[in-house]
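Reading the structure
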Amino acid sequence: MPLLYFRNVSFANDGKDILRNVSFVADAGDFISIVGPSGSGKSTLLRLCGHLISPTTGNIFYKGVNMTGYSPTELRKNISYCSQTPYLFGNNVKDNLEFPFSIRNIPFNESRVKELFSLFNIPPVFLNSDVQNLSGGEKQRISLIRTLLFLPEVLLLDEVTSALDAENTRMAEDAISSLNKGGITVLWITHDPEQSQKYANKIITLEAGEIKSLEVLK
Ligand SMILES: Nc1ncnc2c1ncn2[C@@H]1O[C@H](COP(=O)(O)OP(=O)(O)OP(=O)(O)O)[C@@H](O)[C@H]1O
Ligand SMILES: [Mg+2]
């Protein structure tokens, strides 16, 4: 049974067709790159995968059950989404990283946070940094770390290395790739052609809201 199954999914808003008749399958362990021009519907597709928005027509099945049949909390636990524009709240980095623990009623685990800091090249002192003072690339990594504190079954990553330099991109790619090797299904959006080929076993190319091609690489 596929982990995610899009069946003839369309999404429209304000009278505008954003995605049209999209069908594809994500199997457990897949690493799927979603590529295509700006405005082609990539982020919309990823938000549908995360049940942050719902299809206008068509259905999305998670483990064979229509997504509408799950409680949103149950889906959030299993499917994590990291947005294209990092959104950090509160005053400091710690406020952001405490949040995933507090919603689960679990005490803050500083060693888990520090472990992720080292994987993503963030110095430990950043835990108390003011979010206003972070660079774009630092915000992007903190937002990704927040997504990864509790590991999901499906990881949805929207251009999460777009603000990073080559070295930090490589570290983030290594971390994401090792999560995939550990069994987590990854769907990520990237504008970088090399990055789209490097780890993926499937590449979905969108154009003007439709799937133009679905390549299976390995
Ligand atoms: N909720 C919405 N209501 C109306 N239009 C929307 C909505 N969300 C997205 N759009 C429009 O749909 C199109 C696809 O948007 P989307 O964000 O999915 O593109 P994208 O492929 O991720 O682009 P980029 O590479 O620039 O991030 C765009 O033209 C956008 O303006
Ligand atoms: Mg986008």
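Residue numbers restart at each chain and count upward from 1, following the sequence in its written direction. Each chain takes a letter, starting from A, and each ligand takes a number, starting from 1, following the order in which they are written. Residues qualify for local features only when their pLDDT is at least 70, as the model is predicted, and side-chain atom pairs are given and counted only at 80 or more; totals for whole chains, interfaces and linings, by contrast, use all residues.

Points about the sheet that holds strand β8 (residues 185-189)
Spatial strand order, β6-β7-β8-β3-β9-β10: 6 strands in an open sheet with mixed pairing. Every other strand in the sheet has two partners, leaving β6 (79-82) and β10 (210-216) as the edge strands with one partner each. Recorded for the sheet is a direction-independent mean angle of 15° between the axes of neighbouring strands. Here strand β9 (residues 202-207) pairs with β10 via 6 bridges, running antiparallel. Following the sheet pairing, T205 is matched in β10 by S213. This entry defines residue contacts through backbone-placed C-beta atoms, with two residues in contact when those atoms are within 7 Å. Orientation is described by axes fitted as lines to C-alpha atoms, over the contacting stretch for helices, and by angles from 0 to 180 degrees between their N-to-C directions. The secondary structure listing takes helices from DSSP runs of H or I that are at least 4 residues long and strands from runs of E that are at least 2 residues long, numbered from the N terminus. Taken strand by strand, helix α1 (residues 42-49) contacts β3 (31-35), β6, β7 (154-158), β8 and β9, and its axis lies near 155° from that of β8. Here, any two strands with at least 2 DSSP bridges between them count as paired.

Brief notes about the site of ligand 1
Placing the C-beta atom from the backbone, one calls a residue near a molecule or strand if that atom lies within 6 Å of it. Taken together, 13 residues sit near ligand 1, with N13, S38, K42, S43 and T44 positioned nearest. Three residue categories are used. Nonpolar comprises Ala, Val, Leu, Ile, Met, Phe, Trp, Tyr, Cys and Pro, charged comprises Asp, Glu, Lys and Arg, and polar comprises the others, including Gly. Counted by class, the shell around ligand 1 contains 1 nonpolar, 9 polar and 3 charged residues.

Some details on unusual backbone geometry
Residue N21 is not a glycine yet carries a positive backbone phi of 50°. Mapping N21 onto the fold places it in strand β2 (residues 16-26). Here K63, not a glycine, exhibits a phi torsion of approximately 50°, which is positive. In this fold, K63 is placed in the loop between β4 (57-62) and β5 (65-66).

Any functional reading would require information that these geometric values do not contain.
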